[in-house]
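An overview of the molecular structure
Residue-level listing of the chains:
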Amino acid sequence: MFKNIDLSNCETTQDVVNELQKNGYTNITNKNIQNIDSLEDILATLENKINNQKSAAKTPAPTKAPSYTEPKAPNKVDTKIPSNTGTKTPTNTNANTGLSAYANQVLQLVNQERAKAGLSAFTTTPALTNAANKRAQEIVQSFSHTRPNGTSFSTALKEYGVSYRTSGENIAWGQKSAQEVVTGWMNSPGHRANILNGNFNKIGIGVYQSNGRLYWTQLFTN
């Protein structure tokens, strides 16, 4: 009896009655199901199902061990020790490279003044020019013959490897042309004396621009 009916999904007696009635056993109710000779089989099926469900609930699902990723070793940083190359003479740090034309014009103008006075023309060297350009940058910070580090202007000559017996310096700022700055120097007794000093035969001329203003220097040596 009821062998072709699947009662495995039934959990209560009412579920069994409902399932049997759906399959044509409409005369079966909660009251008369007690008289059915296969009720023991039905109840046994329900009991097995319940026991299986309880067993499944008690048995925990296997827990997967957490994965582990081997940490990467930190990137190696190579530290290079610089070789001892000795002390180098600083090069020209003047970024205003387009101002060299002004310096050339100043050289021509002061040599004209020296020629008028019967003096030999100044010559120049790259080292003197570099030292003068350095001083032109420095007088932006401190308009003085004393450098920003507190030393005399002549220490710039030593920094750039210039050999000399005596030295002098002219400085100016704000003039817009070589002619204007040379005229100003020639109209000043102290500056004029440096330009026309017969003991000086070399000159370095520096020009630097900052905030739209030109800064001018002359370094004299012999």
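It should be noted that the structure appears before, not after, this text.
None of these values were measured; they are calculated from a predicted model. (Residues numbered from 1 in each chain as written. Predicted model: local features only at pLDDT ≥ 70, side-chain atom pairs only at ≥ 80, totals over all residues. Heavy atoms only, no water.)

In this section: the side chain of Asn-111. Looking at the element boundaries, Asn-111 is found in helix α3 (residues 100–116). Asn-111 gets classed as buried once you look at its relative accessible area, which sits at 17%. Only 2.6 Å separates the side chain of Asn-111 from the backbone nitrogen of Phe-122, close enough to count as a polar contact. For Asn-111, the residues in contact, after removing those within four places along its chain, are Ala-121 and Phe-122. (Helix = DSSP H or I, 4+ residues; strand = E, 2+ residues; numbered from the N terminus. Buried < 20%, exposed > 50% of the residue type's maximum accessible area, 1.4 Å probe, protein only. Polar contact = N/O pair within 3.5 Å; in protein donor to acceptor, adjacent residues only side chain to side chain. Contact = heavy atoms within 4.5 Å.)

In this section: the pattern of salt bridges. Taken as a whole and assessed by the stated rule, the structure comprises 5 salt bridges. Among the salt bridges present, the one from Arg-135 reaches Glu-169, with a minimum N-O distance of 2.7 Å. Note that Arg-135 is positioned in helix α4 (residues 126–141) and Glu-169 in strand β1 (residues 167–173), a separation of 34 residues in sequence. Residue Arg-135 is classed as buried on the basis of its relative accessible area of 0%. Measuring nitrogen to oxygen at the nearest pair gives 2.7 Å for the salt bridge that ties Arg-147 to Glu-138. Residues Arg-147 and Glu-138 agree in their burial class; the two are buried. (Salt bridge = Lys/Arg side-chain N within 4 Å of Asp/Glu carboxyl O.)

All right, on to the sheet that holds strand β2 (residues 202–210) then. With antiparallel pairing, the 3 strands of this open sheet are ordered in space as β1-β3-β2. Both outer strands of the open sheet, β1 and β2, are each paired with one neighbouring strand and no more. For this sheet, the mean angle separating the axes of adjacent strands, direction not counted, is 15 degrees. Note: β2 against strand β3 (residues 213–221), 9 bridges, orientation antiparallel. Pairing of Gln-209 across the sheet is with Leu-214, part of β3. (Pairing = 2+ DSSP bridges. Axes fitted to C-alpha atoms, helices over the stretch in contact; angles between N-to-C directions.)

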